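# Structural characterization, general
Here are the chains, one letter per residue:
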Amino acid sequence: MAELMLWRPLQELKREMDRIWDEFFGRMRFPERWEGLEWSPAIDVSETDDAVVVRADIPGLDPEDLEVRLSGRTLTIKGEKKQEKEEKKENFYRVERVYGSFVRTVDLPAEVEADRAEATYKNGVLKITLPKKAEARGKKVKIRVEK
């Protein structure tokens, strides 16, 4: 089975630009606050005989701040990670956590029953279970191999 890799072209471009910048000017570059401007939760999509399961890593949100929609075979997850109120006397030396809104759209591998979909949010992981339509369950086709 081939290994799946997440491709993020803008982050690759940014890394390459940082490398070029570092070679030209040395290690002194823009502050690290520029790191991670684009935020999008990591998502896993898996399939069983009976359902399609989508898991998204979205720590630090309340379930009320999440919106999950299904349109045909397209699942959309929206949310916003709000920045915590900063302490006035606090001096930050490094800020790596990212905030802001996000939208993830996933094309599902099978037809699902939208009215039976379930979503849970626990320990920062959103799990969406989408039961397959009867005609899509365990559908296996045998292909004859000729010599």
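These notes cover the structure that comes with them. Each chain carries its own residue numbering, running from 1 in the written order of its sequence. Local features in this predicted model are restricted to residues whose pLDDT is 70 or higher, and side-chain atom pairs enter the listing and the counts only when it is 80 or higher, whereas totals over whole chains, interfaces and linings include all residues. For the side-chain quantities, the full set of heavy atoms in the structure was used; hydrogens and water were omitted.

### What to know about the overall build of the chain
Threshold: The helix count covers DSSP runs of H or I at least four residues long, the strand count covers runs of E at least two residues long, and both are numbered beginning at the N terminus. Working definition: with a 1.4 Å probe on protein chains only, accessible area under 20% of the residue-type maximum means buried, over 50% means exposed, and in between means partly exposed. We call two residues contacting when some pair of their heavy atoms lies within 4.5 Å. For accessible areas, the Shrake-Rupley method is used with a probe of radius 1.4 Å. Any residue's cover is judged against the shown protein chains and nothing else.
Each helix and strand counted, the chain has 1 helix and 7 strands in total. Reading the chain from its N terminus to its C terminus gives the helix and strand order α-β-β-β-β-β-β-β. For the chain, buried positions account for 22% of its 147 residues. Relative to all contacts within the chain whose residues are 6 or more apart in sequence, the contacts with residues 24 or more apart total 54%. Surface summary for the chain: the accessible area is close to 12,400 Å², and the carbon and sulfur share equals 52%.

### Regarding the sheet that holds strand E4 (residues 74–81)
For clarity, the cut-off: Here, strands pair whenever DSSP counts at least two bridges between them. Helix axes are fitted to C-alpha atoms over the stretch in contact, other axes to C-alpha atoms as well, and angles between N-to-C directions run from 0 to 180 degrees.
Read across the open sheet, the 3 strands follow the order E3-E4-E5; overall the sheet is antiparallel. Edge positions in the sheet fall to strand E3 (66–71) and strand E5 (100–107), since each of these pairs with one other strand and no more. Each adjacent strand pair in this sheet contributes to an overall mean axis angle of 15 degrees, direction not counted. Taken together, the 6 bridges between E3 and E4 define a ladder with antiparallel strand orientation. Its bridge partner being in E4, Leu70 is matched across the sheet by Leu75.

### Digging into the pairing of strand E6 (residues 118–122)
Bridging between E6 and strand E7 (residues 125–131) involves 5 bridges; their strand directions are antiparallel. Pairing of Tyr121 across the sheet is with Leu126, part of E7. Joining the antiparallel neighbours E6 and E7 is a turn of 2 residues, in which Asn123 adopts a positive phi near 50 degrees.

### Some thoughts on the environment of Ala117
Looking at where Ala117 falls in the secondary structure, it is placed in the loop between E5 and E6. For Ala117 and Pro131, which are 14 residues apart along the polypeptide, the C-alpha to C-alpha distance reads 6.4 Å.

### A short note on the sheet that holds strand E2 (residues 51–57)
If you walk across this open sheet you meet the 4 strands as E1-E2-E7-E6, and the pairing is antiparallel. The sheet terminates laterally at strand E1 (43–47) and E6, the two strands that pair on one side only. Averaged over all adjacent pairs, the angle separating strand axes in this sheet is 15 degrees, with direction ignored. Across 5 bridges, the pairing between E1 and E2 is antiparallel. Counterpart to Ser46 in the pairing with E2 is Val53.

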